[in-house]
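One letter stands for each residue in the lines below.
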Amino acid sequence: MTHEQLSERWEQFGNCEYDKALYVEYMIFCNLSSDEIFNNYLKAGEITEKAFFDVLDFLYSNQCYILLYKLMRDNKIRFVKPDFDRIKNIGFKDNVEERMQRWYY
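In short, a report on the structure. Given the structure is predicted, the values throughout are model-derived calculations rather than measurements.

### Quick look at the packing of helix α4 (residues 49-61) against helix α5 (residues 65-74)
At step 1: Packing of α4 against α5 brings their axes to within 8 Å, and their N-to-C directions diverge by 155 degrees. One way to sum up the angle between α4 and α5 is to call them roughly antiparallel. The handedness of the crossing between α4 and α5 comes out as left-handed. In this structure, α4 contributes F52, V55, L56, L59 and Y60 to the contact, and α5 contributes Y65, L67, L68, L71 and M72.
At step 2: Across the contact of α4 with α5, the residue classes break down as 10 nonpolar, no polar and no charged.

So, in structure tokens, the structure goes:
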């Protein structure tokens, strides 16, 4: 791929800043990621936690925030670990109930 081809593709996005930003991130990711990181991104639902977080680290380190968000959104089950024990030993503030009501409504 040449810079001229990249420029032509860039121009096709017109005024859509989101698409341009995503295009830049795809180019960075495809060009800079190792084969392992690239392949792990494509099969994120099947890889180990370490491999998954290696991909997240790469995206964050290279400022690919749209791809990072997309990967996290599509694999949110890896982050959702309901555990009531986390709040059993918390000393609650006097206004916690009022805060919770403001937050939910």
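Further notes follow.
### What to know about the nonpolar core
At step 1: The biggest cluster of nonpolar side chains holds 17 residues, and the ones touching the most others in it are F29, Y41, F52, V55, L59, L67 and L71.
At step 2: Those elements that place two or more of their residues in this core are α2 (17-32), α3 (35-42), α4 and α5.
At step 3: With six residues, the top contributor of residues to this core is α4.
At step 4: With sequence-adjacent residues up to four places away left out, L71 is seen in contact with Y41, A44, F52, V55, L56 and L59.

### Here we look at the pattern of salt bridges
Oppositely charged side chains can pair when the atoms bearing their charge come close.
At step 1: Under the counting rule described, the total for this entry stands at six salt bridges.
At step 2: Between D74 and K70 there is a salt bridge whose closest N-O contact spans 3.5 Å. Of this pair, D74 and K70 are both found in helix α5, four residues apart, which corresponds to roughly one turn of the helix.
At step 3: What makes D74 partly exposed here is its relative accessible area of 44%.

### Describing the environment of Q5
At step 1: Tracing the chain through its elements places Q5 in helix α1 (residues 3-12).
At step 2: Placed 21 residues apart in sequence, Q5 and Y26 show a C-alpha to C-alpha distance of 15 Å.

### Some details on the packing of aromatic side chains
At step 1: Enumeration according to the criterion identifies eight aromatic pairs in this entry.
At step 2: With a centroid separation of 5.2 Å and an interplanar angle of 55 degrees, the aromatic rings of F13 and Y23 are classed as tilted. A residue pair is termed long-range when its members are at least 10 positions apart, and F13 in the loop between α1 and α2 and Y23 in helix α2 qualify at 10 residues. Each of the two residues, F13 as well as Y23, counts as buried.

### Some words on α2
At step 1: Over its 16 residues, α2 runs 22 Å from end to end, which matches the ideal 22 Å to within 8%, given 1.5 Å per residue.
At step 2: For α2, the complete set of buried residues consists of K20, L22, Y23, E25 and F29.
At step 3: Buried residues along α2 sit in contact with α1, α3, α4 and α5.

What counts and how
- Residues numbered from 1 in each chain as written.
- Predicted model: local features only at pLDDT ≥ 70, side-chain atom pairs only at ≥ 80, totals over all residues.
- Heavy atoms only, no water.
- Axes fitted to C-alpha atoms, helices over the stretch in contact; angles between N-to-C directions.
- Helix = DSSP H or I, 4+ residues; strand = E, 2+ residues; numbered from the N terminus.
- Parallel < 35°, antiparallel > 145°, perpendicular 65-115°, else oblique.
- Left-handed = near helix turned anticlockwise from the far one by under 90°.
- Contact = heavy atoms within 4.5 Å.
- Nonpolar A, V, L, I, M, F, W, Y, C, P; charged D, E, K, R; others polar.
- Core = buried A, V, L, I, M, F, W, Y, C linked by side-chain atoms within 4.5 Å.
- Buried < 20%, exposed > 50% of the residue type's maximum accessible area, 1.4 Å probe, protein only.
- Salt bridge = Lys/Arg side-chain N within 4 Å of Asp/Glu carboxyl O.
- Phe/Tyr/Trp six-rings, centres within 6.5 Å; stacked < 30°, edge-to-face > 60°.
- Expected span 1.5 Å × (residues − 1).

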